[in-house]
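Working through the structure, step by step
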Amino acid sequence: MVKIYGHPFAAFYWKVLIALHERNVPFEFLMLDADHPQHGEAVARLSPTGQFPVLIDADHVVIESAAIIEYLDLHHGHAPPMVPADPRAAIEARQMDGIFDDYVMAPLSRMVFNALRDTDKQDPHTITVAQGTLDKSYA
Ligand SMILES: N[C@@H](CCC(=O)N[C@@H](CS)C(=O)NCC(=O)O)C(=O)O
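Every value quoted in this text rests on a predicted model; they were computed, and no experiment measured them.

With respect to the sheet that holds strand β1 (residues 2-6)
Across the sheet, which stays open at both edges, the four strands sit in the order β2-β1-β3-β4 with mixed pairing between neighbours. Edge positions in the open sheet fall to β2 (27-31) and β4 (60-63), since each of these has one partner strand only. Each neighbouring strand pair of the sheet contributes to a mean axis angle of 20°, computed without reference to strand direction. Across five bridges, the pairing between β1 and β2 is parallel.

If you want it as structure tokens, here you go:
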């Protein structure tokens, strides 16, 4: 069974979680939180940027949500692939994936991390820039 390091509030973990459920892939969830310091240590070791989700499939490690989803398409589950097999349709799927990653989830994460910081360390400029990016993306 594959294992996945993530956190229920993490947008990029949800992206992979949707693919796991859509393709009916059984998995073991490894929670990244203070109660499981060994999970954080593993992610720091396995992911060069320290970011998650991280997928473990026996001795295979896959990082980056888009790559994990394509890995699942290839190796696990029985539903149609999340990235279409037709190369032209696949371009459109990867295009939408990139837009949501870079221009929705990334600015959203910056806003959330800003809000989580102590008040004296919060940066209104971060909010203005992220809000502008989100406004453009949603339009
Ligand atoms: N490009 C990465 C982005 C992953 C990402 O930003 N993950 C967030 C959680 S949703 C994270 O690791 N945040 C903690 C950090 O950056 O240290 C992907 O698609 O997997």
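Structural notes on the domain arrangement of the chain
When the domains of the chain are assigned, the result is domain 1 (2-75) and domain 2 (87-138). Listed as interface residues are six residues of domain 1 and, on the opposing side, four residues of domain 2. Together, the buried faces of domain 1 and domain 2 total about 450 Å²; carbon and sulfur atoms form 55% of this surface. Of all residues in domain 1, the largest losses of buried area upon contact with domain 2 belong to Phe12, Lys15 and Glu70, amounting jointly to 72% of the total for that side. Joining domain 1 to domain 2, the criterion identifies three salt bridges. The salt bridge involving Asp101 is made with Lys15; its shortest N-O contact spans 2.9 Å. At the junction of domain 1 with domain 2, the criterion picks out three residue pairs in polar contact (both at pLDDT 80 or more).

Notes on the site of the ligand
Ala10, Ala11, Phe12, Gln51, Phe52, Pro53, Glu64 and Ser65 make up every residue found near the ligand. A distance of 2.7 Å is found between a nitrogen atom of the ligand and a backbone nitrogen or oxygen belonging to Phe52. A distance of 2.7 Å separates a nitrogen atom of the ligand from a polar atom in the side chain of Glu64. For the ligand, whose free accessible area comes to 510 Å², the fraction covered by protein is 73%.

Some points on the side chain of His39
Tracing the sequence through the fold places His39 in helix α2 (residues 37-46). Residue classification places His39 among the buried positions, given a relative accessible area of 10%. Not counting residues up to four positions away in its chain, the partners in contact with His39 are Tyr5, Leu30, Met31 and Leu32.

A few points about helix α5 (residues 124-138)
Here α5 is 15 residues long and its end C-alpha atoms lie 21 Å apart, about the 21 Å a rise of 1.5 Å per residue gives. Looking only at α5, the buried set comprises Thr126, Ala130 and Leu134. Down the axis of α5, the buried set is contained in an arc of 55°. They therefore lie on one face. Along α5, the residues that are exposed and aim more than 90 degrees away from the buried face are Pro124, His125, Thr128 and Lys136.

Conventions and cut-offs
Residues numbered from 1 in each chain as written. Predicted model: local features only at pLDDT ≥ 70, side-chain atom pairs only at ≥ 80, totals over all residues. Heavy atoms only, no water. Pairing = 2+ DSSP bridges. Helix = DSSP H or I, 4+ residues; strand = E, 2+ residues; numbered from the N terminus. Axes fitted to C-alpha atoms, helices over the stretch in contact; angles between N-to-C directions. Domains from an automatic or database assignment. Contact = heavy atoms within 4.5 Å. Buried area = accessible area lost by both parts, 1.4 Å probe. Salt bridge = Lys/Arg side-chain N within 4 Å of Asp/Glu carboxyl O. Polar contact = N/O pair within 3.5 Å; in protein donor to acceptor, adjacent residues only side chain to side chain. Near = heavy atom within 4 Å. Areas by Shrake-Rupley, 256 points an atom, 1.4 Å probe, with all protein chains shown as cover. Buried < 20%, exposed > 50% of the residue type's maximum accessible area, 1.4 Å probe, protein only. Expected span 1.5 Å × (residues − 1). Arc of directions from axis to C-beta.

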